[in-house]
Amino acid sequence: MQSIARPRKRFGQHFLIDQAVVDSIVREIAPRPGQFMVEIGPGLAALTQPLVERLGHLTVVELDRDLAARLRSHANLTVLQADALSVDFGQLARDGSNPGATPGQQRPLRIVGNLPYNISSPLLFHLLEHVGVVQDQHFMLQREVVDRMVALPATSAYGRMSVMLQWRYAMERVLLVAAKAFAPPPRVESAVVRMVPLSDPADIDPRFLRDMVRVAFSQRRKLLRHTLGHWLDQQGYSGRFDLQRRAEEVPVAEYLRLAADKKKGPPE
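Residues numbered from 1 in each chain as written. Predicted model: local features only at pLDDT ≥ 70, side-chain atom pairs only at ≥ 80, totals over all residues. Heavy atoms only, no water.

1. Some points on the overall build of the protein
Regarding its fold elements, the protein presents 10 helices and 9 strands. Taking the intrachain contacts of the protein between residues at least 6 apart in sequence as the baseline, contacts between residues at least 24 apart amount to 63%. Split by element, the accessible area of the protein, about 13300 Å² in all, is 48% carbon and sulfur. (Helix = DSSP H or I, 4+ residues; strand = E, 2+ residues; numbered from the N terminus. Contact = heavy atoms within 4.5 Å. Areas by Shrake-Rupley, 256 points an atom, 1.4 Å probe, with all protein chains shown as cover.)

Following this line, the structure appears as structure tokens:
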């Protein structure tokens, strides 16, 4: 399936060409026949081919019209020519597009992909909205992004993304990938991350958590009393929370407890 194509800068395309890396990623994903898997950004099908051989069928989401046309020549692929940021993955899990599915009956999705660097963060947050239909996710991303996803408190990489994603996923970096594994080589290293939705996540208002951590990390060198403290006052929060810390010093669990215990403010 793989053939030569010119990468398009506006799509952030870097095609994976190292077969040893492909084999390592497929081993980490461990696809099984009959599983409903969606690949985002298949490109030249470096991952697509070994995946479909093991699954029997694969659904792919490809924005590039020319690449999507190439992929349609494969009998065992369902090709969605679309921007992944606009795909309703919840509907995809119910629409029965994968062989063996019953229309209207939700099937857990396994989602994989070599995500374009220019949309990786927005796409991760888009997928967070559909986490309820996901079995697991394996993505190759810029190493810096993966480091932020799995970061621990009191580290420079720990931030808004760390808190929001660790609320819903158990995550681990499973592979490092050198720039030379791609054509053209990116200017940064890449990494593969495994994301498994937590079975019992904290029951909170996602919008409140999103706004709270955005404010908390807006001036990460300042103590929280100068940023989050004022915002919590505006929300009518009257509970206890240590604001004599910087945002990066607060563990995910404490942000989640604050979100769970918050007092509702006046109607907007």
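Text resumes after the structure shown.
2. Structural notes on helix H1 (residues 19-29)
Residues of H1 that are buried: Val21, Val22, Ile25, Val26 and Ile29. Down the axis of H1, the buried set is contained in an arc of 135°. They therefore lie on one face. Across from the buried face of H1, at angles greater than 90 degrees, the exposed residues are Ala20 and Arg27. Of the residues that open H1, the one with a side-chain oxygen 2.9 Å from the backbone nitrogen of Ala20 is Asp18. Directly after H1, the chain includes Ala30, whose backbone phi takes a positive value near 55°. (Buried < 20%, exposed > 50% of the residue type's maximum accessible area, 1.4 Å probe, protein only. Arc of directions from axis to C-beta. Polar contact = N/O pair within 3.5 Å; in protein donor to acceptor, adjacent residues only side chain to side chain.)

3. A closer look at the packing of helix H7 (residues 160-168) against helix H10 (residues 252-261)
Their axes nearest at 10 Å, the elements H7 and H10 cross at an angle of 75°. Put simply, H7 runs roughly perpendicular to H10. Mapping the contact onto sequence places Ser162, Val163, Gln166 and Trp167 in H7 and Val252, Tyr255 and Leu256 in H10. A per-class count over the contact of H7 with H10 returns 5 nonpolar, 2 polar and no charged. (Axes fitted to C-alpha atoms, helices over the stretch in contact; angles between N-to-C directions. Parallel < 35°, antiparallel > 145°, perpendicular 65-115°, else oblique. Nonpolar A, V, L, I, M, F, W, Y, C, P; charged D, E, K, R; others polar.)

4. A few points about the nonpolar core
With 58 residues, the main nonpolar core has Phe139, Met149, Leu209 and Tyr255 as its most contacted residues. Ranked by the residues each element gives to this core, the list is headed by helix H8 (residues 206-216), at 6 residues. Residues within four places of Tyr255 in sequence aside, it is in contact with Tyr158, Val163, Leu209, Met212, Val213, Ala216, Phe217, Ala247 and Val250. The next biggest cluster of nonpolar side chains, apart from the first, holds 27 residues, and it includes Val21, Val26, Leu58 and Leu175. (Core = buried A, V, L, I, M, F, W, Y, C linked by side-chain atoms within 4.5 Å.)

5. Points about the environment of Arg54
As for its placement among the helices and strands, Arg54 is situated in helix H2 (residues 48-55). Taking C-alpha positions, Arg54 is 8.9 Å from Ala30, a pair spaced 24 residues apart along the chain. Non-local contacts of Arg54, meaning those with residues more than four positions away in its chain, are made with Val26, Pro31, Arg32 and Pro33. Among the polar contacts made by the side chain of Arg54, one reaches the main-chain carbonyl oxygen of Pro50 at a distance of 2.8 Å.

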